[in-house]
Structure formats: structure tokens, C-alpha cells
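# Structure at a glance
What follows is each chain in one-letter form.
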Amino acid sequence: IPKGDTGKWYYEVEQIAPATGSIDYNIGWDDPLQHTLFAGGMGDSGKSSWCYKAQSGNKRNEGTNASYGNAWNTAGQILGVGYDNGSIYFWINGTIQSSGTAAYTSVSADLCPTYSIYTESNAVGKLSFNFGQRAFKHLPSGYKGYCTQNFDNTFDSETSENNPSKYFDILTYVGNEG
């Protein structure tokens, strides 16, 4: 999402198998220009990322956790992640968290969907991401999926090449700590 975008963007994450062991999912939006791997998870100090912590329902940004919503840790639950003109919201199974209060406001950065997993053991879990490649289960009114078909020709205003699909790729990282 280009900095200053006034649209409403949305994606969903479903817990296929809930996490076992000591694990926490951090899911939200990140500034893609950082190209940073998160040693301690999204939302760490010095990171331009805004996330929802699955185990606690807290929000996290700049190294600070704050109470926000309900825990998201049951198989079949869907976490909705939305951006609306500089504000970030989260839903669980279609219910907006924190009585509709934005988790973050005045977010001013280029954004892309991001998640990190924080674990201290051999914990496992399974998630399924939906950016609009299939029908959403809980699409809020006025929002559109964060997928290529919804990007207009002004998506990449810094170059003459307007190809949103160049921003979608898979990056696999395997930690090196034993």
C-alpha cells in the first residue's frame, strides 16, 4: 500500500491448526522498504511494523505491547487485518476488536502484509492466508482484498512500470539458532 493511500485494504488469516508449545504469531502490516528480518518478532523497537499478537490479543509497535482485543488461538478462527486511510484494524471471525477503535492511527509508511512467528521451542502451527485470491469469509463493508486485481495503474508511481505483481513473492527464512 503506497504511503498516504486513502483506500480500504484487507486480508484474512485462518488458523488451520492452533499453535502448540511456546509460540506466538504476530500478524499485521510492515514497511516493505525496511527489508528486515525480525529477531524478536514484528513490532520490535526500531521496526516500522504494526501487529496483532495472537496469543494475547495485544497490539505491538515499537517494542510496546498494549491491550487491544481477544486472543486468537483456536483452529478455524479467522483474523481479519485491515487498513483504512492511515488506520489499522483487526477482526476475529468478523467481529471488530476493541469495540471498533483503530489499533493504530496516523500510520504513514508504505505497507505490505507481514507476519512473524516467535517461538522458544519446537512449537508448530498452521496458518492459511487469503489476500483475495478466493472469497473472504468476513469482508468488512467498503474494504477490498490486497491482491493484484485491485491495484490500479497508479500503484507504482515512482516508475513508469505499473506491475503490482512484482511485489508478490515468497521469502523463506530458516533461523540459525539451535
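A brief report on the enclosed structure follows.

Each helix and strand in the protein was counted, giving zero helices and eleven strands. Shown N-terminal to C-terminal, the secondary structure of the protein runs as helices and strands in the order β-β-β-β-β-β-β-β-β-β-β. A total of 178 residues make up the protein; the buried ones form 42% of that total. In the protein, 58% of the contacts between residues at least 6 apart in sequence involve partners at least 24 apart. If you sum the accessible surface of the protein, you get close to 9,500 Å²; carbon and sulfur atoms cover 46% of it.

In this section: the pattern of salt bridges. Across all of its chains, the model carries two salt bridges by this definition. Of the charged contacts in the structure, one is a salt bridge between Lys137 and Glu14, with a shortest N-O distance of 3.6 Å. Of this pair, Lys137 sits in the loop between strand 10 (124-130) and strand 11 (144-145) while Glu14 sits in strand 1 (residues 8-20), placing them 123 residues apart in sequence. Glu14 sits in the buried class, given a relative accessible area of 18%.

A separate point is the packing of aromatic side chains. By the definition in use, this model includes 15 aromatic pairs. Seen in terms of ring centroids, Tyr89 and Trp91 are 6.2 Å apart; in terms of plane orientation they differ by 45°. Their pairing is tilted. By the burial criterion, Tyr89 is buried, and Trp91 matches it. Grouped by ring-pair contacts, the aromatic residues Trp9, Tyr11, Trp29, Tyr115, Phe129, Phe131 and Tyr146 constitute a single cluster. Above the ring of Tyr104, the side-chain terminus of Lys59 is found at 5.3 Å from the ring centroid.

This next bit is on the environment of Asn61. By secondary structure assignment, the location of Asn61 is in strand 4 (residues 59-61). Between the alpha carbons of Asn61 and Met42 there is a distance of 7.6 Å; along the sequence they are 19 residues apart. Within the structure, Asn61 has its side chain in polar contact with the backbone oxygen of Ser49 (distance 2.8 Å).

About the thresholds
- Residues numbered from 1 in each chain as written.
- Predicted model: local features only at pLDDT ≥ 70, side-chain atom pairs only at ≥ 80, totals over all residues.
- Heavy atoms only, no water.
- Helix = DSSP H or I, 4+ residues; strand = E, 2+ residues; numbered from the N terminus.
- Buried < 20%, exposed > 50% of the residue type's maximum accessible area, 1.4 Å probe, protein only.
- Contact = heavy atoms within 4.5 Å.
- Areas by Shrake-Rupley, 256 points an atom, 1.4 Å probe, with all protein chains shown as cover.
- Salt bridge = Lys/Arg side-chain N within 4 Å of Asp/Glu carboxyl O.
- Phe/Tyr/Trp six-rings, centres within 6.5 Å; stacked < 30°, edge-to-face > 60°.
- Lys NZ or Arg CZ within 6 Å of the ring centre and 35° of its normal.
- Polar contact = N/O pair within 3.5 Å; in protein donor to acceptor, adjacent residues only side chain to side chain.

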